[in-house]
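Reading the structure
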Amino acid sequence: MRKLNFSFVIINLFFLFWVGMYVKNEYYLSLVIYILFNAINASCLNVLLGYAGIISLGQAAFFGIGAYSSGILTATYGINPYLTIIIGVILSAVIALIIGYPALKLHGHYLAMATLGFGMIVYICFNEMDFLTGGPSGLTGIPDMSFFGFLLDDEYKFFVFMGAVYMLFLFLMEMFDKSFLSYKLRFIHESENASSSYGIDVAKTKLTTFVVVACITSINGSLFAFYSNFVSPVSFSFHYSVEMLVMAVFGGLGSITGGTIGAAILTSIPEIFAEIEDYEVVIYGVILAVTILFLDGGIAKLCRRLAGKYVKSE
Amino acid sequence: MQFLYSGITSGSIYALVAIGFNIIYNTTGIINFAQGEFVMLGGMFIYSLLYMMNIPFIFAFPVALFGAFVLGVLFERVFIRYVKVKTELNLITITIAGSIILRGIAMLIWGRDTLLVESFIPSKTIQLYEGTITSDSVLVIGVSLFISFFLTIFFKKTKYGKAFRACYEDKVAASVCGINVKMVVMFSFGIAAFLGAVAGVAVSPITYVTYNDGVMTGLKGFSAAVMGGLGSFWGGIFGGIILGVSEAFFASVFPSGYKDAMAFLIILLILFFRPQGILGRKKATRV
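A brief report on the enclosed structure follows. As the structure is a computational prediction, the values presented were derived from the model and not from experiment. (Residues numbered from 1 in each chain as written. Chains lettered and ligands numbered in written order. Predicted model: local features only at pLDDT ≥ 70, side-chain atom pairs only at ≥ 80, totals over all residues. Heavy atoms only, no water.)

1. What to know about the packing of aromatic side chains
Residues and elements named next belong to chain A. Under the defined criterion, the tally for this structure stands at 29 aromatic pairs over all chains. Measuring from centroid to centroid gives 5.5 Å for Phe-63 and Tyr-240, while their planes differ by 25 degrees, and the two rings are stacked. Of this pair, Phe-63 sits in helix H3 (residues 59-75) while Tyr-240 sits in helix H11 (residues 238-251), placing them 177 residues apart in sequence. Given the relative accessible area of 3%, Phe-63 is considered buried. Feature note: the residues Tyr-34, Phe-37, Phe-63, Tyr-68, Phe-126, Phe-158, Phe-161, Phe-224, Tyr-227, Phe-236 and Tyr-240 constitute an aromatic cluster, connected by ring pairs. Taking NZ or CZ as reference, Lys-105 lies 4.2 Å from the ring centre of Tyr-101, over its face. (Phe/Tyr/Trp six-rings, centres within 6.5 Å; stacked < 30°, edge-to-face > 60°. Helix = DSSP H or I, 4+ residues; strand = E, 2+ residues; numbered from the N terminus. Buried < 20%, exposed > 50% of the residue type's maximum accessible area, 1.4 Å probe, protein only. Lys NZ or Arg CZ within 6 Å of the ring centre and 35° of its normal.)

Structure (structure tokens):
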């Protein structure tokens, strides 16, 4: 087994420290917070796509389930935020089990369509169940959450909290990347028949991964609800699932750096060039196409290759 | 009974889209996630030709279809052919990329508003047993029946149709036999786009056109294709009609907002319990 290599975690830590020390502008802070949300989501999808080879086009649904269960339970029923995160996780886990058990037996485009259909159903439910979710206009009045007595009510405080959550997540990702589980998943990705002949319970491993990823995405969704104090179905549509996919693929499948890099670049592009708002969709598409056509392995692999060249010539 | 008639109308559209999926699947084994986009583009083209350039329908219709055909061929040339590592994941992702590019461009050109298209034939309502059906719907049903009949003959009887099917069986063997595989793949995308545009034009007076119609139409078309068994034309028609009718029935019983959710529920159930489709005989990929 490979040794743990925390260089990427440390780079991230330094970057976040730098942001925390010098960036006081609320707009940039919120941008970084969105990057962190997207980075966690994209990395989660990366685990499914890049490691296990599970094509899921419905991850936005779990993000939404987390966000809505926290939002509804705190705003309408006034339940403790932490309790609602746990409820969201349990709900997501149950749904992921129900969907994953039959769906993960499918492969390729069948699986893609099944998860897409699932995502669409959840999205339609968010839209239509307006007695619970507030319908298309969204759910308002979600309170801020507090963390050991600190009320996370402004951008900076939330940034510090989210940064800590993200670092914890990244640390766990690094552990996962070097764990036996990740090798098992890669093996399954390579050949399901071969791995099952080696005594790996393919269905169980895939299902566990799917459920755990859904839970993490759901926690992320809950945090998102507490951050924005407002959730509406648009944030969890098919479009967001595709955005996650673009981030994961562009950043680089099968590496922990991939999701973060993809999320950082793709979240900042529309913000930096505000005037290209209408072109955003096309740009996402072009980036995705170019990555598949010319950049197999995404930015992460490109960096690694460039670094390798540089070291060799030394 | 009314839901049956409206169900058959929307079902024939799904059937046309499903046939588009099947053509590409039959020659390449790829599921083209951009198929719904071509339906949308068909409607957009006919709108532009009729109302922006004031071309009569007789000429506008073939021009729109030809435009879609060219676009389909280009789609294959630009996106599919240059995928180096032809894994299923990459092929799925590239068609998703293509679909969002097409959708984005459509939004830039035609805007976000719904565009109204008037009926192509004098509007009439036909009284049937316990319900009515409009002439537009009859046109849609007629067109899809005609197309599927025509295509079945093309694929079963003609030399070119056999070439298409040979490519699906074995690309190498097909090219050894002198079939230009690249050409066939390219044309299958062209024909699929053409069919999508037929569906788009036919349905445009009924549902009108919006830039993001494609997602829903594409998904339902795929559901229809899977339901009837991927790769079979009559299966696609069967699946389309079943989907359309059950959707219309569902909408008449439950709040109509959930109508689309119903379509996806059906596809999930089919995928989980009978991935080879209701009519399918082939052993599916469920391991």
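Once you've had a look at it, read on.
2. Looking at the interface of chain A and chain B
Between chain A and chain B, the residue contacts involve 42 residues of the former and 46 residues of the latter. Summing both partners gives a buried area of about 4000 Å² for chain A against chain B, and 79% of it is carried by carbon and sulfur. In this assembly, chain A and chain B are joined by 0 residue pairs in polar contact (both at pLDDT 80 or more). Only helix H4 (81-103), helix H5 (108-128), H11 and helix H13 (280-294) of chain A provide two or more residues apiece to the side of chain A that touches chain B. Of the residues assigned to the side of chain A that touches chain B, the class counts are 32 nonpolar, 6 polar and 4 charged. (Contact = heavy atoms within 4.5 Å. Buried area = accessible area lost by both parts, 1.4 Å probe. Polar contact = N/O pair within 3.5 Å; in protein donor to acceptor, adjacent residues only side chain to side chain. Nonpolar A, V, L, I, M, F, W, Y, C, P; charged D, E, K, R; others polar.)

3. Details of the pairing of strand S2 (residues 131-134) of chain B
All names here are of chain B. Every second residue of S2 is oriented toward a common face, the buried set being Gly-131 and Ile-133 and the non-buried set Thr-132 and Thr-134. Direction of pairing for strand S1 (residues 125-128) relative to S2: antiparallel, over a ladder of 4 bridges. Each bridged residue has a counterpart across the sheet, and for Gln-127 the counterpart in S2 is Thr-132. (Pairing = 2+ DSSP bridges.)

4. Some words on helix H8 (residues 181-207) of chain B
All names here are of chain B. Helix length check: H8 (27 residues) gives 37 Å between terminal C-alpha atoms against 39 Å at 1.5 Å per residue, within 8%. Roughly 25 degrees is the biggest bend found in H8, and it falls at Val-201, with proline Pro-205 one to four residues downstream. Counting buried positions along H8 yields 21 of 27 residues, so the element is predominantly enclosed. Phi for Tyr-208, located one or two positions after H8, is positive at around 65 degrees. (Expected span 1.5 Å × (residues − 1). Bend = angle between axes of the 7 residues up to and from the residue.)

5. Let's talk about a positive patch on the surface
A grouping of Lys-301, Arg-304 and Arg-305 of chain A together with Lys-84 of chain B is seen on the molecular surface, where their side chains present a positively charged patch. Its location among the elements puts Arg-304 of chain A in helix H14 (residues 298-313). (Patch = residues over 30% accessible without salt bridge, like charges linked within 9 Å, V, L, I, M, F, W, Y side chains within 5 Å. Areas by Shrake-Rupley, 256 points an atom, 1.4 Å probe, with all protein chains shown as cover. Salt bridge = Lys/Arg side-chain N within 4 Å of Asp/Glu carboxyl O. Lys, Arg positive; Asp, Glu negative; His and termini not counted. Charge placed at Lys NZ, Arg CZ, Asp CG, Glu CD.)

6. As for the pattern of salt bridges
Tallying each qualifying case throughout the model produces 6 salt bridges over all chains. The residue Glu-192 of chain A makes a salt bridge to Lys-206 of chain A at a minimum N-O spacing of 2.6 Å. Note that Glu-192 of chain A is positioned in helix H9 (residues 192-197) and Lys-206 of chain A in helix H10 (residues 202-228), a separation of 14 residues in sequence. For Lys-206 of chain A, a relative accessible area of 5% translates into the label buried. Where Glu-37 of chain B meets Arg-103 of chain B, a salt bridge forms, and the shortest distance between an N and an O atom there is 3.4 Å. Of this pair, Glu-37 of chain B sits in helix H2 (residues 35-52) while Arg-103 of chain B sits in helix H4 (residues 88-110), and the two are 66 residues apart along the sequence.

Everything listed is a geometric property; what it means functionally is a separate question.
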